Amino acid sequence: MHIIIIGCGRVGARPASLLSSSGHSVVVIDKNPEAFERLERSYKGKTIEGVGFDRKTLIEAGIEHADALAAVTNGDNSNVVVASVAAQDFHVPRVVARIKDPVRAEMFPKLGITTISSTLWTSGRIFEYLVSPELHNVFSVGSAGVQLYEFEVQNVLVDRMVRDLSVANEIRVVAITREGISFIPVLGSVFKRRDRVLVAVDTRSIDKLKAMLGLSS
Amino acid sequence: MQPLSIIIIGTGKLGRECGQRLIAAGHRLTFVEKDHQLAQNAREIFGDRVFLGDGCDPKVLEQAGINIAQVIIAATGDDEDNLIIAELAHHIYGVQSVMTRINRPENEWLFTSHRGVDSAFCPVVMATDFIKTEIDRQAEKIQS
């Protein structure tokens, strides 16, 4: 795929390096050329010094045949403008904008702009960790309709079966890690003390999961 | 003439001058300015019609009355901000008329109707056009 990343800060440099080493054609744009020093030495893509919403810069970066674009500069507004230009004017199929302001992060999806807000994500994780350290969110699927949670088996679940923690369409055990070895359980698998369990939960059923684990919600 | 409810975002020289003229013409104005000093200056002229805050923040726009505004003039010195304001005003709040200032002439291509801009003006281009016309006129006069 041909991928354009605007903003070579910590958020931009890492995916750029990863995408480049997995064989994609990558172009990174940043107005500050020193920012390119954040790229890994193995980075094989192109770098362009410039402003992400300059037409000339975008065309030089190959936006006309780009498969994906991520706008991840420090500026929420310029990220939204670049994302809108990429999606609407150049019809790039996959576009995402990083938004720090949580209010705008929830507003721009209404205008058809996909946003990722590290502020929303991080504050959510910190909140959860403070109120229920026993249960960690490890991944949000899609626009967070389904979540993957991890927890360690405590008293309530010891010697119970995976079946006891399964609710159709709501809660499913995905994997168990026991003494360093991970496996995908069947409904009849039995939980042991100190198992690390990965579970997929419909976001609306998180309180139900907490109740089943004997955690206060 | 029907008085209109108008919000001007950005109270630099342009926003202030424009606001004074439109008030004199009988329109209802409010102003949004994120810079403390500029907001203070604007308050000396427009009083409590000036709201301190970021015009790209929906909450600030609502305080300034975007829900009843008929015209928005995004006149900040920042083209990204003006575009975001246009996008919000048009697509989220359904404001009838969105006018935007273009700061960098290279950005003119971004100010399109699908991004919520009804009309856009670039002071630099307008001044340059004026100067060019004037120079052409003088050149002709000298020749003849």
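In what follows, the structure referred to is the one given above.
Presented here is an overview of the structure given in this document. (Residues numbered from 1 in each chain as written. Chains lettered and ligands numbered in written order. Predicted model: local features only at pLDDT ≥ 70, side-chain atom pairs only at ≥ 80, totals over all residues.)

Assigned secondary structure in chain A consists of 6 helices and 11 strands. Dimensions of chain A along its principal axes, counting C-alpha atoms only, are 65 × 35 × 30 Å. The 217 residues of chain A split such that 32% are buried. Pairs at least 24 residues apart make up 51% of the contacts formed inside chain A by residues separated by at least 6 positions. (Helix = DSSP H or I, 4+ residues; strand = E, 2+ residues; numbered from the N terminus. Buried ≥ 20, exposed ≤ 12 C-beta atoms within 10 Å, placed from the backbone. Contact = placed C-beta atoms within 7 Å.)

All names here are of chain A. When you tally the buried positions in strand E1 (residues 2–6), you get 4 out of 5 residues, the bulk of the element. Pairing of E1 with strand E2 (residues 25–30), which is carried by 5 bridges, proceeds in the parallel orientation. The residue of E2 that forms the bridge with Ile-3 is Val-26. A crossover links E1 with its parallel partner E2, the connecting element being helix H1 (residues 10–21), and its sense is right-handed. (Pairing = 2+ DSSP bridges. Right-handed = clockwise from strand over helix to strand, strands pointing away.)

The next point concerns helix H4 (residues 79–92) of chain B. The terminal C-alpha atoms of H4 of chain B lie 19 Å apart, and with 14 residues this matches the ideal 20 Å at 1.5 Å per residue to within 8%. Of all 14 residues making up H4 of chain B, 12 are buried, and the element is well covered by its neighbours. Considered for burial, the residues of H4 of chain B that qualify are Asp-79, Glu-80, Asp-81, Asn-82, Leu-83, Ile-84, Ile-85, Ala-86, Glu-87, Leu-88, Ala-89 and His-90 of chain B. Packing partners of the buried residues in H4 of chain B comprise helix H3 (76–89) of chain A together with strand E1 (5–9), helix H3 (58–63), strand E4 (71–74) and strand E5 (97–101) of chain B. At the C-terminal side of H4 of chain B, Gly-94 of chain B shows a positive phi close to 60°. (Expected span 1.5 Å × (residues − 1).)

It is worth spelling out the environment of Glu-17 of chain B at this point. Residue and element names in this part refer to chain B. Within the fold, Glu-17 resides in helix H1 (residues 13–24). Residue class for Glu-17 comes out exposed when judged on the 12 C-beta atoms lying within 10 Å of it. C-alpha separation for the pair Glu-17 and Leu-52, spaced 35 residues apart in sequence, amounts to 18 Å.

Residues and elements named next belong to chain A. If you walk across this open sheet you meet the 6 strands as E3-E2-E1-E4-E5-E6, and the pairing is parallel. One side of each edge strand has no neighbouring strand; the edge strands of this open sheet are strand E3 (46–49) and strand E6 (115–116). Judged from the 4 bridges that link them, E2 and E3 form a sheet pairing that is parallel. Residue pairing in the sheet places Val-27 in a bridge with Lys-46 of E3. In the packing of H1 onto the sheet, contacts are made with E1, E2, strand E4 (68–71) and strand E5 (94–98), and the angle to E2 comes to roughly 160°. Running over the sheet, H3 touches E1, E4 and E5 and is turned about 170° from E5. (Axes fitted to C-alpha atoms, helices over the stretch in contact; angles between N-to-C directions.)

Taken by themselves, the reported measurements are silent on function.
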